[in-house]
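Chain residues, written in single-letter form:
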Amino acid sequence: MKLKTFTLSLASLASFGLLVACSQRVQQVQQPAAQAQTQQTQQSQAASSSTENSNQAATSSSQNAPVAQPTDIDGTYTGQDDGDRITLVVTGTTGTWTELESDGDQKVKQVTFDAANQRMIIGDDVKIYTINGNQMIIDDMDRDASDRIVLSK
């Protein structure tokens, strides 16, 4: 009977020792993995920061990354679109888009702005806009450069 108890105790002690050894090994493996993940995160953040600085230095003609836009865009902007003279008068988050066509016809549309998403709605058309100094650059949702309209204040 004592031999059975001794054998069971010895087996329990061996199992416990094995569990402790495995636990320490798992911790040793997990710590470098966690450190590597932390380093990757830090490197990724540093790269993102570097990329953001590069993007800010790039000209605003790059439309890939949204840039914080001024919220006060009030004023009168003018320009051309396919031979039509465009006048955009902005007050707050609304405005009036006037197209004077080459044949003398005039079309007036209401405009609303969503500064948070850099969107503007001209009549029923949703456009993307960007402010660059005294210019408002207006693109279709597909950002096709041939459809771009540039208006100046």
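Residues numbered from 1 in each chain as written. Predicted model: local features only at pLDDT ≥ 70, side-chain atom pairs only at ≥ 80, totals over all residues. Heavy atoms only, no water.

### Topic: the packing of aromatic side chains
Item 1. The tally for this structure, following the rule as stated, stands at one aromatic pair.
Item 2. A centroid spacing of 5.3 Å and a plane angle of 85° characterise the contact between Phe113 and Tyr129, whose relative ring orientation is edge-to-face. Pair noted here: Phe113 is in strand β4 (residues 106–114) and Tyr129 is in strand β6 (residues 125–132), with a separation of 16 residues, a long-range link.
Item 3. With relative accessibility at 9%, the residue Phe113 sits in the buried group. (Phe/Tyr/Trp six-rings, centres within 6.5 Å; stacked < 30°, edge-to-face > 60°. Helix = DSSP H or I, 4+ residues; strand = E, 2+ residues; numbered from the N terminus. Buried < 20%, exposed > 50% of the residue type's maximum accessible area, 1.4 Å probe, protein only.)

### As for the pairing of β6
Item 1. Across four bridges, strand β5 (residues 119–122) lies against β6 in antiparallel orientation. Along β6, the bridge assignment pairs Ile122 with Asp125.
Item 2. For β6 and strand β7 (residues 135–139), the ladder comprises five bridges, and the chain directions are antiparallel. Within the sheet, the bridge partner assigned to Tyr129 lies in β7 and is Ile138. (Pairing = 2+ DSSP bridges.)

### Focus on the layout of surface pockets
Item 1. Here the second largest pocket is characterised by a volume of approximately 180 Å³.
Item 2. What lines the second largest pocket is a set of 13 residues, and nearest its centre among them are Asp81, Lys127, Asp140, Asp147 and Ile149.
Item 3. For the lining of the second largest pocket, a count of residues per class yields three nonpolar, one polar and nine charged. (1 Å grid on protein atoms, 1.4 Å probe; cavity = no way out; pocket = protein on both sides within 12 Å on 5 of 7 lines; lining within 4 Å. Points joined across faces, edges and corners; volume = space filled by probe spheres on them. Nonpolar A, V, L, I, M, F, W, Y, C, P; charged D, E, K, R; others polar.)

### Some thoughts on the confidence of the model for the protein
Item 1. Scored by pLDDT, the protein comes out at a mean of 75, with 54% of its residues at no less than 70.
Item 2. Helix α1 (residues 2–57) is the least confidently modelled element of the protein, averaging 55 in pLDDT, while strand β8 (residues 149–152) averages 96, the highest of any element.
Item 3. Across residues 48–63 the pLDDT falls below 50, and counting only partners more than four positions away or on other chains, this stretch makes six contacts in the model. (pLDDT = per-residue confidence, 0-100. Contact = heavy atoms within 4.5 Å.)

### Quick look at the pattern of salt bridges
Pairs can form between side chains of opposite charge whenever their charged atoms are close.
Item 1. For the coordinates displayed, the defined rule picks out four salt bridges.
Item 2. A salt bridge links Lys107 to Glu101; the shortest N-O distance between them is 3.2 Å.
Item 3. Overall, the relative accessible area of 43% leaves Lys107 in the partly exposed class.
Item 4. Under the relative-accessibility criterion, Glu101 is labelled buried at 17%. (Salt bridge = Lys/Arg side-chain N within 4 Å of Asp/Glu carboxyl O.)

### A few points about the nonpolar core
Item 1. Ranked by internal contacts, the top residues of the largest apolar core, which has 16 residues, are Leu88, Trp97, Phe113, Met120 and Met136.
Item 2. Tallying contributions element by element places strand β2 (residues 84–91) first for this core, with three residues.
Item 3. Phe113 has contacts with Ile73, Leu88, Val90, Thr93, Thr94, Arg119, Met120, Tyr129 and Met136, leaving out every residue within four places of it along the chain. (Core = buried A, V, L, I, M, F, W, Y, C linked by side-chain atoms within 4.5 Å.)

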